[in-house]
Amino acid sequence: MTRVLGWLAAAGLVIGLVMAFVIAPREVTQGHVQRIMYVHVPTAWVAYLAFAVVFVASIVYLARRSATADRLAHASAEVGVVFTGVTIASGSIWGKPTWGTWWTWDARLTSVAILFIMYLGYLLLRGMIDERERGARYAAVLGIIAALDIPLVHFSVYWWRTLHQPPSLMKPGGASTMPAPIVAALLVNLAAFTLLYAYFVARRTRLLARQQQALA
Amino acid sequence: MKRHAKFLIGGAVIAAALAYMIYAGVTQSVVYFVTPSELSAAPVTGKAYRLGGMVEKGSMRWEPRSLDLSFRLSDGKATIPVRHRGTPPDLFGEGRGAVVEGSWAGDGYFKATTILAKHSEDYQAPDPASAERHKEMIKTLSGDTR
Amino acid sequence: MPDNWSFVIAAYAIAAVALGGYWRRLVRLERDVERRNARPRRPR
């Protein structure tokens, strides 16, 4: 099952690359550098998804004390941190030639940096407490609190003045006016990166179960 | 004990980073930039500002030799003349959004130290008709009349 | 408009290194666990 997921993700990423570099046209104002969007936006989406999964799994853990939910939260947080890192790095590389800066403290960038640091802290907390039940409980509480930053990140571009542009695809109640090949390339990459996320989480969850087994 | 110390240091680094970001967020992100109307209402000479608006059409002057750049930023109600020395980012241009960092010089203009271009979320494909025309033009120029 | 291909390549390369690196880390940790589980457990 996990293996199938892995191959699907790999195939999706290959198609995604073809879409991003062959099918999608050169953007008019930015030129080819706009192609960074096909990795930046999907990784940002996966970061949202990953931390949303942590949020739900944390609630389930606190309600039912299910070890599976705890492992899912742990795995998803770890994968989410990796994807958030890629989002920040690719955004920074995109920002330099277009905005003229690698970084600025506008609301979008600041809230994302806070998101990244909070989940790094989450993973640190997980490693810090040896007693599994207590560690899981603390992590679940942090996993719920930290998730409050997700809507802040997403809507920051509407709530405050920012350098970052509003979303092109996930607009609240507005259809995209982008040309079809650009939208298609973005959607394919969104699907591919989501599959990669699912594959990573499946594998990490299984690994956590085995690690706990080995320790028991 | 060694492991404990490692986590303590890690925790301290994360707490410090988080504190700095919240500080940066409160001081910089809440009002990331002021508009030309807001600045012209109460300009303070020498104070550091971030000013955001549209680069007015026909206002841009660029001297590639001396790197002197001047333009006007507008929000539709007020306009602020901006002067800068340096190369602007690729996406900077008339009719587009820009955010400039610098200070109000006091003699009627904004002295920018950094120019940031704000771009739209609306990405566009090249217009095939104009690309076709361009190709035609190149063909006739090179004397290739197939 | 300059195309800044080097920035495009850098962004995709960083993504590939980070995601590929994470995948390799999972593979390595799995191998470690297998090895530990295969070995007879040490008495505590």
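Residues numbered from 1 in each chain as written. Chains lettered and ligands numbered in written order. Predicted model: local features only at pLDDT ≥ 70, side-chain atom pairs only at ≥ 80, totals over all residues.

## Remarks on the interface of chain B and chain A
Move 1: Each partner contributes residues to the interface: chain B has 34 residues there, and chain A has 39 residues.
Move 2: Here the element with the most residues in the side of chain B that touches chain A is helix α1 (residues 2-29) of chain B; it accounts for 12 residues.
Move 3: Residues of the side of chain B that touches chain A, tallied by class, amount to 21 nonpolar, 9 polar and 4 charged. (Contact = placed C-beta atoms within 7 Å. Helix = DSSP H or I, 4+ residues; strand = E, 2+ residues; numbered from the N terminus. Nonpolar A, V, L, I, M, F, W, Y, C, P; charged D, E, K, R; others polar.)

## Regarding the nonpolar core
Move 1: Ranked by internal contacts, the top residues of the largest apolar core, which has 76 residues, are A:A50, A:L196 and A:Y197.
Move 2: Contributing elements (two or more residues each) for this core: α1 (2-23), α2 (37-64), α3 (67-98), α4 (107-128), α5 (132-146) and α7 (180-215) of chain A together with α1 (5-38) of chain C.
Move 3: When residues in this core are grouped by element, the largest group, 17 residues, is from α2(A).
Move 4: Among all residues touching A:L196, those that are not within four sequence positions of it are A:A9, A:L13 and C:L19. (Core = buried A, V, L, I, M, F, W, Y, C linked by C-beta atoms within 7 Å. Buried ≥ 20, exposed ≤ 12 C-beta atoms within 10 Å, placed from the backbone.)

## Quick notes on the domain arrangement of chain B
Move 1: Segmenting chain B into domains produces domain 1 (1-30) and domain 2 (33-118).
Move 2: Relative to domain 2 of chain B, the C-alpha centre of domain 1 of chain B lies at a distance of 35 Å. (Domains from an automatic or database assignment.)

## Observations concerning the pairing of strand β5 (residues 97-104) of chain B
Successive residues of a regular strand alternate their side chains across the two faces of the sheet.
Residue and element names in this part refer to chain B.
Move 1: Relative to β5, strand β1 (residues 48-55) runs antiparallel, the two being bridged by 7 bridges. In the strand pairing of β5, A48 is matched with S103.
Move 2: Inspection of the sheet shows β5 paired to strand β6 (residues 110-118) by 8 bridges, in the antiparallel sense. Across the sheet, the residue bridging to W104 is F110, located in β6.
Move 3: Here β5 hands over to β6 after 5 residues, with G106 in that stretch at a positive phi of 100 degrees. (Pairing = 2+ DSSP bridges.)

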